[in-house]
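One-letter residues, chain by chain:
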Amino acid sequence: NAPMLDGIAEFLLHTPSLNPASIGEFLSEPKILPLQCCKVFMSKLRFHGKSITQALGELLSVLQLPKEGQRIERILEFFARAYYDSNAGHQGIRDTLLFPYKNVDSCFVVIVATVMLNTDLHNPRVSSKMTLKSFSSQLRGCNDNGNFPDGFGEGIFESISRKQLSNVKGIGAAGVESQGHSSHSAAPEGRMDLLFFSRDERKELMFGIERQRIMTE
């Protein structure tokens, strides 16, 4: 199966006529073949030596995140593993602000937080924007029960503030009622939900919002 999976991944990665949304939908399909392809696909992207925002930019240059919460979760889990494996243990990665993650789970939390922050800051229907202080405080204790280094959250916040991630359709954004006031809905069920609502409900307070769901634009 390896040659077949490699061929499919190469086709998805190097066929310009493919719709990025279709690639995201296929790779997040809850079936064996698409998920195997997703793992191989992620391994072909160049994440080594890149910050989390740079790596997300690399990912989103070739696919669009799906709209369904569990599908997004699958894509981001595979991405987190590929990004972590590309950088963990490499002697050349010495910058703790670039790669401070103690395990792949802490990496996953930051990835979700970053995508949520992107929508919060750049979606015009979100009236109450997240601040640097709230974003940094919400990452506290999320690095395998420890903290990320000083300035880590600030670096992500400034990067996302300056440049919006492409191909993100509203993950983590608070829903906005017709009157313009923000409202919140349920988060996707699954691992993301467990991350946000476990351990003294710490994750329930993350990102300044309650359980949320993807909204279509």
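Residues numbered from 1 in each chain as written. Predicted model: local features only at pLDDT ≥ 70, side-chain atom pairs only at ≥ 80, totals over all residues. Heavy atoms only, no water.

1. Observations concerning the overall build of the protein
Then, number 1: For the protein, the helix and strand inventory stands at nine helices and two strands.
Then, number 2: For the protein, the sequential pattern of α-helices and β-strands runs α-α-α-α-α-α-α-α-β-β-α.
Then, number 3: When the 217 residues of the protein are sorted by exposure, 47% land in the buried category.
Then, number 4: Restricting the contact set of the protein to residue pairs at least 6 apart, pairs at least 24 apart contribute 72%.
Then, number 5: If you sum the accessible surface of the protein, you get close to 10900 Å²; carbon and sulfur atoms cover 48% of it. (Helix = DSSP H or I, 4+ residues; strand = E, 2+ residues; numbered from the N terminus. Buried < 20%, exposed > 50% of the residue type's maximum accessible area, 1.4 Å probe, protein only. Contact = heavy atoms within 4.5 Å. Areas by Shrake-Rupley, 256 points an atom, 1.4 Å probe, with all protein chains shown as cover.)

2. A look at the pattern of salt bridges
Then, number 1: Scanning all chains against the criterion turns up seven salt bridges.
Then, number 2: As a salt-bridge pair, Lys44 and Glu10 come within 2.9 Å of each other at their nearest N and O atoms. Of this pair, Lys44 sits in the loop between α3 (32-43) and α4 (52-60) while Glu10 sits in helix α1 (residues 2-14); the two residues are 34 residues apart in sequence, bridging distant segments of the chain.
Then, number 3: Of the residues examined, Lys44 reaches a relative accessible area of 24% and is grouped as partly exposed.
Then, number 4: Here Glu10 falls in the partly exposed class, since its relative accessible area comes to 30%.
Then, number 5: Between Lys50 and Glu58 there is a salt bridge, and its shortest N-O distance comes to 3.2 Å.
Then, number 6: What makes Lys50 partly exposed here is its relative accessible area of 21%.
Then, number 7: Its relative accessible area of 24% is what places Glu58 among the partly exposed residues. (Salt bridge = Lys/Arg side-chain N within 4 Å of Asp/Glu carboxyl O.)

3. Overview of the nonpolar core
Then, number 1: By size, the foremost hydrophobic cluster in this structure holds 53 residues, and its most contacted members are Leu27, Phe41, Ile52, Leu63, Phe79, Tyr83 and Tyr101.
Then, number 2: Ignoring sequence-local partners within four residues, the contact set of Phe79 consists of Met42, Phe47, Ile52, Ala55, Leu56, Leu59 and Ile111. (Core = buried A, V, L, I, M, F, W, Y, C linked by side-chain atoms within 4.5 Å.)

4. What to know about the packing of helix α6 (residues 104-122) against helix α8 (residues 152-162)
Then, number 1: The geometry of α6 relative to α8 is characterised by a closest axis approach of 10 Å and an angle of 40 degrees between their N-to-C directions. In terms of orientation, α6 lies oblique with respect to α8. The chirality of how α6 crosses α8 is right-handed. Of α8, the residues touching α6 (which contributes Val110, Thr114, Leu117, Asn118, Leu121 and His122) are Phe152, Ile156, Phe157, Ile160 and Ser161.
Then, number 2: Broken down by class, the residue content of the contact of α6 with α8 amounts to seven nonpolar, four polar and no charged. (Axes fitted to C-alpha atoms, helices over the stretch in contact; angles between N-to-C directions. Parallel < 35°, antiparallel > 145°, perpendicular 65-115°, else oblique. Left-handed = near helix turned anticlockwise from the far one by under 90°. Nonpolar A, V, L, I, M, F, W, Y, C, P; charged D, E, K, R; others polar.)

5. Describing the confidence of the model for the protein
Then, number 1: Summary statistics for the protein give a mean pLDDT of 80 and a share of 75% for residues scoring 70 or more.
Then, number 2: No element of the protein has a lower mean pLDDT than strand β2 (residues 182-183), which averages 34, and none a higher one than α3, which averages 97.
Then, number 3: Low confidence marks residues 172-217, where pLDDT is under 50. Its contacts with residues over four positions away, or in another chain, come to 112 contacts. (pLDDT = per-residue confidence, 0-100.)

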